[in-house]
Each structure stands twice: as C-alpha cells, then as structure tokens.
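Coordinate analysis (summary)
These are the residues of each chain, in order.
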Amino acid sequence: DTGVSQDPRHKITKRGQNVTFRCDPISEHNRLYWYRQTLGQGPEFLTYFQNEAQLEKSRLLSDRFSAERPKGSFSTLEIQRTEQGDSAMYLCASSSPGGYTFGSGTRLTVV
Amino acid sequence: KNEVEQSPQNLTAQEGEFITINCSYSVGISALHWLQQHPGGGIVSLFMLSSGKKKHGRLIATINIQEKHSSLHITASHPRDSAVYICAVASGAGSYQLTFGKGTKLSVIP
C-alpha cells in the first residue's frame, strides 16, 4: 500500500461544469476525510466518513457538493455547477488511531 | 477567529540555525498534529502528540496541555527543511476532524 492516492492531481474546468475527484485511502483505515485549502490558508474540513457512513459535514459543503464512499473503500467528491470560488486544493486523508495520512491533493481551477 | 494560531507566519533562517515554530489553541483537544507541506500541496504528517515531547531525527515537538501550546523545533536546519509547517488539532468529543492553523512558511537559506 503506497498511501493515500488522489486523482486527478490537477483539474481545470469551465464555470458551470461538474467535476468529480477520487480518493483511495490506506486500506486498513476506516476513517476518510475531505478538506479544502485555499491559497495562504490552512485546510478546512469538508466531510468525514467512517466506513461507508458519512458522519459529519461542514457548512462549507453546499448543496452543490456531494461525497460518497460506497463499500467503505474509495471516496468521490463531486462539485456540480462549479463556481470560481470553488478553485482550491482538495485534500483527502485517512486515519487510524496511530495518525493521519494525507493524499497529494487535487488542485481545481475554475475558469 | 481561528481556534489554532501559529507564529511566526513567515520565517527565514540561515542553514544550521535552530528553529522554533509555535502553536496555540483555544479548545480542549484529544491530539495535536504537526504537518509539513511542500509546494505542490502534498502534506506529510510529522508528529501526533497528546502530551509531553516527541523527537524524530532533527525534529522535536513539545506540547503543554495546561497552557494549550505546542512548539516544533528544528535543529541544524537545512535548505531541504524549507516548507510550510502546519499545526492541527483534533478536538475529540466524538469529532475526528482536524482544525488547522494557517501554517508557518519556513525558508532556510544556504
């Protein structure tokens, strides 16, 4: 297992389009998180899964955002009708009691 | 107001210098994390602390739970240490999400 994988690394999309990101966590980790990071800021929590159950969602996660984790393995984050304000780095992490492992992130640019 | 405050925001050091980055938080926590982020975005977990002190190579992390304060020290700094160092806390109470500081951008000059 090589850690947390995110795909794609970079995504440029036109305003109004839908985008979907994928995260493959460490297989032994049952907790998976999505964070968003804008330039010059620390990451902000979006949502959290324990196995396939989505247990927490931030107020940042508007109706245009949806996340899934079918079968408790990989997760997807979809943004519908993208806006320029959605441009950010989207980070996925998974955790065990021993700590967190982060993916390299997906950088989204909405033009 | 961010619940996690880091200082300084930016730090420039000469190679070989001893570096300290500070983190203060305002809520009760179950654990505090120090993370390293390089240009391009990937985050590497350096330490997870709930008490005391941890050391890994040239890096040392300490935490004082009563004072709600943690420090990350780098001994004999090297240009490859240049990165953004981020403090993050897990508030516990059934919540596993992390709350992050804004980060400290460290530049080590040869």
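These remarks concern the structure in this document. Since the model is a prediction, treat every value here as computed from it, not as a measurement. (Residues numbered from 1 in each chain as written. Chains lettered and ligands numbered in written order. Predicted model: local features only at pLDDT ≥ 70, side-chain atom pairs only at ≥ 80, totals over all residues. Heavy atoms only, no water.)

Of regular secondary structure, chain A possesses zero helices and eleven strands. In sequence order, chain A lays out its α and β elements as β-β-β-β-β-β-β-β-β-β-β. Here the C-alpha radius of gyration of chain A, 13 Å, is about what a compact globule of 111 residues would show, namely 13 Å. With respect to the principal axes defined by its C-alpha atoms, chain A has extents near 40 × 25 × 20 Å. Here chain A holds 111 residues, and 49% of them are scored as buried. Within chain A, residue pairs in contact and separated by at least 24 positions form 52% of the contacts whose partners lie at least 6 positions apart. For chain A, the computed accessible surface area is about 5,600 Å², with 44% contributed by carbon and sulfur atoms. (Helix = DSSP H or I, 4+ residues; strand = E, 2+ residues; numbered from the N terminus. Rg over C-alpha atoms; globule rule 2.2 N^0.38 Å. Buried < 20%, exposed > 50% of the residue type's maximum accessible area, 1.4 Å probe, protein only. Contact = heavy atoms within 4.5 Å. Areas by Shrake-Rupley, 256 points an atom, 1.4 Å probe, with all protein chains shown as cover.)

Residues and elements named next belong to chain A. This structure, assessed with the given rule, holds two disulfides over all chains. Paired by a disulfide, cysteine 23 and cysteine 92 hold their sulfur atoms 1.9 Å apart. Taking the torsion about the sulfur-sulfur bond, which here is approximately -70°, the covalent link between cysteine 23 and cysteine 92 counts as left-handed. Residue cysteine 23 is located in strand β3 (residues 19-24), and its partner cysteine 92 is located in strand β9 (residues 88-96); the two are separated by 69 residues in the primary sequence. (Disulfide = S-S within 2.5 Å.)

Glancing now at the nonpolar core. Leu32, Trp34, Leu72 and Tyr85 of chain B are the most contacted members of the largest nonpolar core, which totals 23 residues. Every element with two or more residues in this core is listed here: β3 (19-25), β4 (31-37), β5 (43-49), β7 (59-64), β8 (69-74), β9 (83-92) and β11 (104-109) of chain B. Those residues in contact with leucine 32 of chain B that lie beyond four places of it in its chain are Cys23, Tyr25, Phe47, Met48, Leu49, Ile63, Ser70, Cys87, Ala88 and Val89 of chain B. Judged by nonpolar contacts, the second largest core, of 19 residues, contains Val4, Leu61, Tyr90 and Cys92 of chain A. (Core = buried A, V, L, I, M, F, W, Y, C linked by side-chain atoms within 4.5 Å.)

Another aspect to go through is the pattern of salt bridges. Evaluation of the coordinates by the stated rule reveals four salt bridges over all chains. Close ionic contact of aspartate 86 of chain A with arginine 64 of chain A constitutes a salt bridge, the shortest N to O distance being 2.8 Å. Placement of the pair is aspartate 86 of chain A in the loop between β8 (75-79) and β9 and arginine 64 of chain A in the loop between β6 (53-57) and β7 (65-68), with a sequence separation of 22 residues. By the burial criterion, aspartate 86 of chain A is buried, and arginine 64 of chain A matches it. Here aspartate 81 of chain B makes a salt bridge to arginine 58 of chain B, at a shortest N to O gap of 2.8 Å. (Salt bridge = Lys/Arg side-chain N within 4 Å of Asp/Glu carboxyl O.)

Residue and element names in this part refer to chain A. Within strand β5 (residues 44-50), five of the seven residues are buried, which leaves the element mostly enclosed by the surrounding structure. Taken together, the six bridges between strand β4 (residues 31-37) and β5 define a ladder with antiparallel strand orientation. From the neighbouring strand, arginine 36 faces β5, where its bridge partner is glutamate 44. Linking β4 back to β5 in an antiparallel pair, the connection comprises six residues, with glycine 40 at a positive phi of about 80°. Bridging between β5 and β6 involves four bridges; their strand directions are antiparallel. Bridge pairing in β6 links tyrosine 48 to glutamate 56. Where β5 folds back onto β6 in an antiparallel hairpin, the turn is made up of two residues, including asparagine 51, whose phi is positive at roughly 55°. (Pairing = 2+ DSSP bridges.)

This paragraph deals with the interface of chain A and chain B. Taken together, the contact pairs 22 residues of chain A with 18 residues of chain B. Both sides together, the interface formed by chain A and chain B hides about 1,500 Å², and carbon and sulfur atoms give 56% of it. Contact with chain B buries area across many residues of chain A, yet Pro43, Tyr100 and Phe102 of chain A alone supply 33% of it, more than any other trio. At the boundary of chain A and chain B, one finds zero salt bridges. (Buried area = accessible area lost by both parts, 1.4 Å probe.)

Pairs of aromatic rings are described using the distance from one ring centre to the other and the angle between the two planes. Within the structure shown, the criterion is met by nine aromatic pairs over all chains. Seen from their ring centres, tyrosine 33 of chain A and tyrosine 35 of chain A are 6.2 Å apart, and the 25° between their planes marks the pair as stacked. Residues tyrosine 33 of chain A and tyrosine 35 of chain A agree in their burial class; the two are buried. Where tyrosine 33 of chain A meets tyrosine 100 of chain A, the ring centres are 4.9 Å apart and the plane angle is 35°; that geometry is what we call tilted. Of the two residues, tyrosine 33 of chain A is situated in strand β4 and tyrosine 100 of chain A in strand β10 (residues 99-102); the sequence distance between them amounts to 67 residues. In this structure tyrosine 100 of chain A comes out as buried when scored by relative accessible area, which is 10%. An aromatic cluster of three or more residues is present, and its members are Tyr33, Tyr35, Phe45, Tyr48, Tyr100 and Phe102 of chain A together with Phe100 of chain B. Between arginine 22 of chain A and the ring centre of phenylalanine 74 of chain A, over which it is positioned, the NZ or CZ distance is 3.9 Å. (Phe/Tyr/Trp six-rings, centres within 6.5 Å; stacked < 30°, edge-to-face > 60°. Lys NZ or Arg CZ within 6 Å of the ring centre and 35° of its normal.)

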